[in-house]
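Coordinate inspection notes
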Amino acid sequence: MSEAPLWTRNFILVSAINFFLVMVFYLLVIVIVGYTVAELGASTAAAGLISGLFIVGTLVGRLIVGQVLLHFGRKTTMLIGLIGFFLLSLLYFVPMGVSGLLVVRFMHGFMMGIASTVLGTIIAQILPPSRRGEGIGYYSMSSTLGTAIGPFLAIWMMLHLGYQAIFALSSGFALLCLLVGCFLQVPDAITAAKNSTISNDEPNDFISKVMEKKAIPIGVVILLVSTCYSGVLSYINFYAKEINLVETASVFFLMYAVAILISRPFTGPLMDRRGENVIMYPAFISMALGLLILSQVESGRGLLISAALLGLGYGNIQSVCQTIAIKSTHLARMGFATSTFFIFLDAGLGFGPYFLGLALNHIAYSQLYLYSAIASLAAIVLYYVLHARHVKPIG
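Residues numbered from 1 in each chain as written. Predicted model: local features only at pLDDT ≥ 70, side-chain atom pairs only at ≥ 80, totals over all residues. Heavy atoms only, no water.

What follows deals with the overall build of the chain. In terms of regular secondary structure, the chain is built from 15 helices and zero strands. For a compact globule of 395 residues, the expected C-alpha radius of gyration is about 21 Å, and the chain comes in at 20 Å, within 12% of that figure. Structurally, the chain occupies a C-alpha span of about 55 × 45 × 40 Å along its principal axes. Looking at the chain residue by residue over its 395 residues, the buried ones come to 55%. Counting only contacts in the chain whose residues sit at least 6 apart along the sequence, the fraction spanning at least 24 positions is 86%. Of the roughly 16600 Å² that the chain leaves accessible, carbon and sulfur atoms contribute 69%. Side chains of the chain give 20 positive and 14 negative charges; the mean places of these two sets differ by 6 Å. (Helix = DSSP H or I, 4+ residues; strand = E, 2+ residues; numbered from the N terminus. Rg over C-alpha atoms; globule rule 2.2 N^0.38 Å. Buried < 20%, exposed > 50% of the residue type's maximum accessible area, 1.4 Å probe, protein only. Contact = heavy atoms within 4.5 Å. Areas by Shrake-Rupley, 256 points an atom, 1.4 Å probe, with all protein chains shown as cover. Lys, Arg positive; Asp, Glu negative; His and termini not counted. Charge placed at Lys NZ, Arg CZ, Asp CG, Glu CD.)

Written out as structure tokens, the structure reads:
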């Protein structure tokens, strides 16, 4: 008996949209602080706020998208997000002050929150249930590639072409997302699923209207580990300058992405056959080792080994946690489960650098990564208490 198909037309197109959304995010986030200071004369604090408001907007978008999905369905909600994302990309060309850019950044993030959450919901519902872990693993690679390629493009273009070229490319990618989205053939079954699945005792409290309660426990786990990883995203370049490894650090995230690409064909199917615990426990250990090596690194080789271990660790934790969140509920609530996962993920990646930055007023970068390694190990206990002990063995 042959396996259910995974690489369908819709799967490829949704993954492509997600890849370009992530590319636009990283193209802009890498340069927006420098642009705001150099072109608008803003203070560093104001520039940091402009950068961070995108994440705040994304969080707000994810909080309301569940209700929007129930009323408009997947295809329409996705197109609303993609149209807004494209139009707001064009506003970076319009001369404006700091206040105007603050509004644009918030709304841009808001539209991405809506679009990317719907994409995650569509993926979860078009994948064969028997291959859901494998499929979400491959889907998350589209984000991984965007995370690796986006910063490289941004830095190269900033050095050689300037900010306007970056804004033009971002707008082009946003338009491409919208065009591809128009050609998606997504069965808009949310309403039907809701009518057939939701009974009179369906939870109707405030939290259930914006989040899926069953996905909150695994959300707390991804909140902790993404906060630990946010220190790598935000401060690796500063740390590399401190230890004189700037040249090697330029390929850090490429090595991170390569490790995920190599592991994903094995970890996804293994999760479907053996369950999530067989992936999660080694991934926690790999992430902790990567952070430990990073805290003590003295050579370029050590830096790249750290990147690979973080890819094997955090990269797989992220995709498995997303799968767990989606599997925690029924079809009609998948949109809420997906948004709940990303709310906790974005909170860790978005607000983590602020709190870790406060810690850096008192400790060195090496100590930050050492403590992050310890926190990654502590996440094993959190994962066991909140999820793993309730998992029934497979096979």
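Read on, since the account is not over.
It is worth spelling out the packing of helix α12 (residues 277–296) against helix α13 (residues 300–327) at this point. Where α12 meets α13, the axes come as close as 7 Å, and the angle between the chain directions of the two elements is 150°. In terms of crossing hand, the pair formed by α12 and α13 is left-handed. Of the residues that constitute the contact of α12 with α13, the class distribution is 18 nonpolar, six polar and no charged. (Axes fitted to C-alpha atoms, helices over the stretch in contact; angles between N-to-C directions. Left-handed = near helix turned anticlockwise from the far one by under 90°. Nonpolar A, V, L, I, M, F, W, Y, C, P; charged D, E, K, R; others polar.)

Further remarks concern the nonpolar core. Core analysis: the biggest nonpolar cluster contains 113 residues, and Leu21, Val232, Phe252, Phe284, Met287, Ile317 and Tyr369 have the highest contact counts within it. The biggest single contributor to this core is helix α1 (residues 9–40), with 16 residues. Leaving out residues up to four positions away in the same chain, Leu21 has contacts with Leu82, Phe85, Met112, Ala115, Ser116, Leu119 and Cys177. (Core = buried A, V, L, I, M, F, W, Y, C linked by side-chain atoms within 4.5 Å.)

Another aspect to go through is helix α4 (residues 98–126). Helix length check: α4 (29 residues) gives 42 Å between terminal C-alpha atoms against 42 Å at 1.5 Å per residue, within 8%. Counting buried positions over the 29 residues of α4 gives 21, a clear majority of the element. (Expected span 1.5 Å × (residues − 1).)

Inspection of every chain in the model, using the stated rule, returns 16 aromatic pairs. Seen from their ring centres, Phe20 and Phe173 are 5.0 Å apart, and the 35° between their planes marks the pair as tilted. With Phe20 in helix α1 and Phe173 in helix α6 (residues 163–182), this pair connects stretches of sequence that are 153 residues apart. For the pair formed by Phe20 and Phe173, the shared burial category is buried. (Phe/Tyr/Trp six-rings, centres within 6.5 Å; stacked < 30°, edge-to-face > 60°.)

Under the counting rule described, the total for this entry stands at one salt bridge. The salt bridge involving Arg62 is made with Asp346; its shortest N-O contact spans 2.5 Å. One end of the pair, Arg62, is in helix α2 (residues 44–72); the other, Asp346, is in helix α14 (residues 334–359), with 284 residues separating them in the sequence. Overall, Asp346 belongs to the buried group, its relative accessible area being 9%. (Salt bridge = Lys/Arg side-chain N within 4 Å of Asp/Glu carboxyl O.)

Another aspect to go through is the side chain of Ser142. With respect to the helices and strands, the residue Ser142 is situated in helix α5 (residues 132–160). Looking at Ser142, its side chain comes within polar contact range of the side chain of Asn18, at 2.8 Å. Beyond its immediate stretch of four places on either side in the chain, Ser142 contacts Ser15, Asn18 and Phe19. (Polar contact = N/O pair within 3.5 Å; in protein donor to acceptor, adjacent residues only side chain to side chain.)

Checked against the element boundaries, Gly315 lands in helix α13. On the basis of relative accessibility, which here comes to 7%, the residue Gly315 falls in the buried class. Spatially, the C-alpha atom of Gly315 lies 22 Å from that of Pro128, the residues being 187 residues apart in sequence. If we ignore the near neighbours within four places in the chain, the residues touching Gly315 are Tyr256, Ile260, Arg264 and Leu310.

Turning to unusual backbone geometry, a few remarks are in order. When glycine is set aside, most residues are seen to have a negative phi, and most peptide bonds are trans. Even without being a glycine, Asn244 presents a positive backbone phi close to 60°. Residue classification places Asn244 among the exposed residues on the basis of a relative accessible area of 67%.

The next thing to look at is the packing of helix α11 (residues 252–274) against α12. Orientation of α11 relative to α12, taken along the N-to-C sense of each, is 165°, at an axis distance of 10 Å. With respect to each other, α11 and α12 are oriented roughly antiparallel. The handedness of the crossing between α11 and α12 comes out as right-handed. In this structure, α11 uses Phe252, Thr267, Leu270, Met271 and Arg274 to contact α12, whose residues at the interface are Val278, Ile279 and Leu294. Class assignment for the residues of the contact of α11 with α12 results in six nonpolar, one polar and one charged. (Parallel < 35°, antiparallel > 145°, perpendicular 65-115°, else oblique.)

This part takes up the confidence of the model for the chain. For the chain, mean pLDDT is 82; residues scoring 70 or higher make up 90% of the total. Confidence drops under pLDDT 50 across residues 190–200; counting only partners more than four residues distant or on other chains, this segment forms 15 contacts. (pLDDT = per-residue confidence, 0-100.)

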